[in-house]
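Structure at a glance
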Amino acid sequence: LWGAWERIATIPFHIAMSVIVLQVFTRGQARWFWIALGLHAFLDFTGPGMLTLLGWPIWVVEAYLTVWAIISLWIIVRLKRSPGEGEGTMAGTSPA
């Protein structure tokens, strides 16, 4: 059951990382790729590390991942652009 919850909780995180990488193309700044890469590496290390290296109970690790899922939903909403917002659908283009 914990494994199923982990998979569900990581879906928003992976979508958020994709939205962050998308900023490379919409904003034309490569730093967004490195932000996504760093966050992904951080979570990939800290999640399992809490369980295997620190010996914390599984429910603590899953609660940690749930917090990241909530943060990820905030990232998705924060970086979402409304229609008519910004300079267009792609960097350097104008809306039709």
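Residues numbered from 1 in each chain as written. Predicted model: local features only at pLDDT ≥ 70, side-chain atom pairs only at ≥ 80, totals over all residues. Heavy atoms only, no water.

**Details of the confidence of the model for the protein chain**
Using the following cut-off: The predictor attaches a confidence to each residue, and that confidence, scored 0 to 100, is pLDDT. Numbering of helices and strands starts at the N terminus; helices are DSSP runs of H or I of at least 4 residues and strands are runs of E of at least 2.
For the protein chain, per-residue confidence averages 85 on the pLDDT scale, and 84% of positions sit at 70 or higher. Of all secondary-structure elements in the protein chain, the lowest mean pLDDT belongs to helix α1 (residues 2-27), at 90, while helix α3 (residues 58-79) reaches the highest, 93.

**Quick notes on the packing of α1 against helix α2 (residues 31-52)**
Just so we agree on the cut-off: Angles shown run from 0 to 180 degrees and are taken between the N-to-C directions of axes, each axis being a line fitted to C-alpha atoms and, for helices, limited to the stretch in contact. Throughout, the term roughly parallel applies to angles under 35 degrees, roughly antiparallel to angles over 145, roughly perpendicular to angles from 65 to 115, and oblique to all others. Should the near helix be turned counterclockwise from the far one by less than a right angle, the crossing is left-handed, whereas a clockwise turn marks it as right-handed. Throughout, a contact is declared for two residues whenever any of their heavy atoms are within 4.5 Å. Residue classes follow a fixed rule: Ala, Val, Leu, Ile, Met, Phe, Trp, Tyr, Cys and Pro count as nonpolar, while Asp, Glu, Lys and Arg count as charged, and any other residue, Gly among them, counts as polar.
Look at α1 against α2: their axes get within 7 Å of each other, and the N-to-C directions meet at 165°. In this view, α1 runs roughly antiparallel relative to α2, as classed from their interaxial angle. Here the hand of the crossing between α1 and α2 comes out left-handed. On α2, the residues that touch Phe13, His14, Met17, Ile20, Val21, Gln23, Val24 and Arg27 of α1 are Trp32, Phe33, Ile35, Ala36, Leu39, His40 and Leu43. Here the contact of α1 with α2 is composed, by residue class, of eleven nonpolar, three polar and one charged.

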